[in-house]
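Now for the letters of each chain:
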Amino acid sequence: MDLLRSHLHKVRIPEPGSRIHKDECCVSFDTPRSEGGLYVDMSSFLGFGREHVEWNFEKTGNPVYLHIVQRRKPEPDEADRPLKKPTLLAIGVEGGFGDQEPEYDDTFEIVILPDFISLPFPSVDLPEKVRLAVDKVILAESADRKQQLAAWVADKKKISAYAMDLQQLENGVIVPPTGWKCSKCDKTENLWLNLTDGMILCGRKLWDGSGGNNHAIEHYEQTKYPLAVKLGTITADLEAADVFSYPEDDSVEDPLLARHLSHFGIDFSSLQKTEMTTAERELDANTNYDWNRIQESGKDAELLFGPGYTGLANLGNSCYMASIMQVMFSTHPFISRYFEKQSLKAAFATAPADPTMDLNMQMTKLGHGLLFGKYSASNEGQEGIRPRMFKSVIAANHSEFSSMRQQDALDFFLHLIDRVEQANPGNHELNPCSGFKFIIEERVQCPSGKVSYNKRSDNMLSLSIPLHAATNKEQLEAFSEKKAAMDLDGKEVSNEEIVRPRVPLEACLASFSGPEEIPDFYSTALNSKTTATKTAGFSTFPDYLVLHMRKFVMEAGWVPKKLDVYIDVPDTIDISHMRSKGMQPGEELLPERASGDNKAEPAAPVASEDIVSQLASMGFNYLHCQKAAINTSNTGVEEAMNWLLSHMDDSDINDPLNDSRASEQSVDEASVQTLISFGFPEDVAIKALKASVRFTFMIFRFE
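What counts, and where the lines are drawn
- Residues numbered from 1 in each chain as written.
- Predicted model: local features only at pLDDT ≥ 70, side-chain atom pairs only at ≥ 80, totals over all residues.
- Heavy atoms only, no water.
- Helix = DSSP H or I, 4+ residues; strand = E, 2+ residues; numbered from the N terminus.
- Buried < 20%, exposed > 50% of the residue type's maximum accessible area, 1.4 Å probe, protein only.
- Contact = heavy atoms within 4.5 Å.
- Areas by Shrake-Rupley, 256 points an atom, 1.4 Å probe, with all protein chains shown as cover.
- Pairing = 2+ DSSP bridges.
- Axes fitted to C-alpha atoms, helices over the stretch in contact; angles between N-to-C directions.
- UniProt positions renumbered as here; feature names shortened; annotations may be inferred.
- Parallel < 35°, antiparallel > 145°, perpendicular 65-115°, else oblique.
- Left-handed = near helix turned anticlockwise from the far one by under 90°.
- Nonpolar A, V, L, I, M, F, W, Y, C, P; charged D, E, K, R; others polar.
- Polar contact = N/O pair within 3.5 Å; in protein donor to acceptor, adjacent residues only side chain to side chain.
- Core = buried A, V, L, I, M, F, W, Y, C linked by side-chain atoms within 4.5 Å.
- Salt bridge = Lys/Arg side-chain N within 4 Å of Asp/Glu carboxyl O.

### Brief notes about the overall build of the protein
- Regarding its fold elements, the protein presents 21 helices and 21 strands.
- Looking at the protein as a whole, 43% of its 703 residues qualify as buried.
- Pairs at least 24 apart in sequence give 67% of the contacts found in the protein among residues at least 6 apart.
- As displayed, the protein offers around 37700 Å² of accessible surface, 51% of which is attributable to carbon and sulfur atoms.

Okay, structure coming up:
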């Protein structure tokens, strides 16, 4: 105890905004349920597994830790209960899936490093500062939980329209700090305080009979008092309190919640959280759902264990991330960079004070978690790992990937490449993404016979899908006739009966390397616009070639449609014929400018007005349409549409074109409207925006 007192200056008491990592080790996937439990640094509030806590002591000198161990409680008669295979797609009913999550016993102790001297907790002999600090750590929401909840409500929780002018009755109601009970029944949980009259009432009755008796919603229907707060969620961190707006029918923010609570004598700083918010219940239902219940339906899947066979648990919307990271860590560059040549200890030693926010540390943690095999098997089967810290780092400041919405795997791959390259600037050896890079050489020939060559670098090859090359055309025709007959009879085709086109990958590759016509190409040899022919090939080959299949096409009326098609991929792909040959003997390059005409148009690509106008008529931003046309060499509306749909979230999508003529032709419509709202005439606003355009160099991705 004297040793603990000598280290009191190293113990911090958490504040409401402190980030407390008590769910998982910051350098491994150890949790309080792992062998050895979890050690929480009582100064930084970082969590460490038993194998890694000494690294933190060596790095920081912080000696005092809260040791958390969770052990699963045995279920009643668990050993004698026969295992029944579910026969119904339902939860909590006879023949369906069980709805009971396993329960755990939590044990705590204070541990002092380096000798791992342990002191029991709770204990009246502990210094008051330690008792208070540990109590707050145990009761606080973990950093991971806060991040998940923030992502879950990011698009849902808005400031209520009723908050700023909320009427509060002067009826003398004072709400006690404890002992709450519904005013109309005996419910003591799921209680809501109406912020207008101070009535405490129970919440809605849930589908399974739990929850409340609907008294709070009935009170609103009678009084129309709009806002209520869930009493068990009020703490010093008021942003986490659950405020519900009945007329808006959603959880909302109340910026004046502190004032509204004080009206009824509530000191929120002294209250502790006792119940989950509505958003937390939704999040738990989403993230804790056992996705294996519906996977591999009707099949006996064999679980794999050991190094390289560790699964990634679904975080609720993370299948796109799991698929990409499993593939990346099957490639040699990523295995070498973040596993073979990078130890966890070395990554932690070079990480900043908060390793949970360091990309190199979390990539190394993920690599070791997937490849080492420690988390592959357990007594209950393959559990996998939950890459929450990695998702938090890789998605930081990205509006889409930091949310809980479903995402596109290709978009995440490109985002990952960008982030990893930013973390390893100018260092080819440390950049594992260099194995995905390649150079495409494009050859353009105009009717004069003269040519131009252009090279560009990329990380993936985007391919169109030529449906006319399908190998099962007879089956498709028979299915089309059958479906038409069933439609006449008012019948629907089952999934098992659907026949999809089967297109060989070789046909998709041929569509890329084959010649394309470029309308409205300005020839500096002819000093006029004409139709040119473009071919493309690989100037360099990557170690790993990523292919993107363009499944979106344009139907009649310019309606985008996603193709339902199979791509047949052989075990071995030969793309040697796609190598570019470079400039050939006897070829003559297109001149930069037409001879004798200093005012001739430059050879830089110009967006086809026909393509741009058609895209703009669909509601797309005019500047975006120009970029789509330029980046697809004015090949056509369908190609431009595919480029546009794949690059809407590019960080430079709103940057101006570096072609002076393009900048003179158009300005950003949103900026024009903003200036008009300030009182400027439209023509003055357009002229001012044209004069203020800054020319920038841009690297385009060609689709």
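### What to know about the sheet that holds strand 10 (residues 243–245)
- Within the open sheet, the 6 strands sit side by side as 6-11-10-9-7-8. Their pairing is mixed. Both edges of this open sheet fall to strand 6 (158–159) and strand 8 (200–202), since each of them pairs with a single strand only.
- Sheet topology places strand 7 (residues 191–194) next to strand 9 (residues 227–230); 3 bridges connect them, and they run antiparallel. By the bridge assignment for strand 9, L193 is matched with V229.

### Things to note about the sheet that holds strand 17 (residues 528–540)
- Strand order in this open sheet of 4 strands is 13-12-17-16, and the pairing throughout is antiparallel. Looking at which strands have only one partner, the edges of the open sheet turn out to be strand 13 (451–458) and strand 16 (516–523). Across the sheet, the mean angle separating the axes of adjacent strands is 35° when strand polarity is ignored.
- The sheet contact formed by strand 16 and strand 17 spans 6 bridges and is antiparallel.

### What to know about the UniProt feature "binding site: Zn(2+)" (unreviewed entry) in the protein
- Taking the UniProt record as the reference, the feature "binding site: Zn(2+)" (unreviewed entry) is found at C182, C185, C202 and H215. These annotated residues cover 34 residues of sequence, and their C-alpha atoms all fall within 8.4 Å of one another, placing them together at a single site.
- Relative to the helices and strands, C182 resides in the loop between strand 6 and strand 7.
- Setting aside chain neighbours within four positions, we find C182 in contact with K187, L191, I200, L201, C202 and H215.
- In this fold, H215 is placed in helix 5 (residues 215–223).
- Filtering out sequence-adjacent residues up to four positions away, H215 remains in contact with C182, K184, C185, L201, C202 and G203.

### Quick notes on the packing of helix 17 (residues 622–631) against helix 18 (residues 637–646)
- Where helix 17 meets helix 18, the axes come as close as 8 Å, and the angle between the chain directions of the two elements is 120°. By the criterion of interaxial angle, the relationship of helix 17 to helix 18 is oblique. Two packed elements cross with a definite hand, and for helix 17 against helix 18 that hand is right-handed. When helix 17 is examined against helix 18, the residues H624, K627, A628, A629 and N631 are found in contact with a partner set consisting of A640, W643 and L644.
- Here the residues of the contact of helix 17 with helix 18 are counted per class, giving 5 nonpolar, 2 polar and 1 charged.

### What to know about the environment of D41
- Inspection of the secondary structure puts D41 in strand 1 (residues 38–41).
- A relative accessible area of 0% means that D41 is categorised as buried.
- Distance in space between the C-alpha atoms of D41 and K22 is 9.4 Å, their sequence separation being 19 residues.
- When near neighbours in sequence (up to four residues on either side) are disregarded, D41 contacts L46, N56, T60, N62, V64 and Y65.
- Of the polar contacts made by the side chain of D41, one reaches the backbone nitrogen of S43; its length is 2.8 Å.

### Description of the nonpolar core
- Among the nonpolar cores identified, the biggest contains 36 residues, and M325, M363 and F413 are the most heavily contacted of them.
- Counting residues per element, the ones that place at least two in this core are helix 8 (319–328), helix 9 (332–340), helix 11 (359–371), helix 12 (388–394) and helix 13 (409–423).
- Considering each element in turn, this core owes the most residues, 7 residues, to helix 13.
- Beyond its immediate chain neighbours, meaning those up to four positions away, M363 contacts M325, F329, F334, Y338, F390, L416 and V420.

### Here we look at the pattern of salt bridges
- Inspection of every chain in the model, using the stated rule, returns 20 salt bridges.
- Across the salt bridge formed by E54 and R50, the nearest N and O atoms sit 3.6 Å from each other.
- Given the relative accessible area of 34%, E54 is considered partly exposed.
- For R204, the salt bridge is made with D249, and the minimal N-O distance between the two is 3.8 Å. Of the two residues, R204 is situated in the loop between strand 8 and helix 5 and D249 in the loop between strand 10 and strand 11 (250–253); the sequence distance between them amounts to 45 residues.
- D249 gets classed as exposed once you look at its relative accessible area, which sits at 53%.
- Each of the salt bridges in this network shares a partner with another, and the network as a whole consists of E442, R456, D458 and K534.

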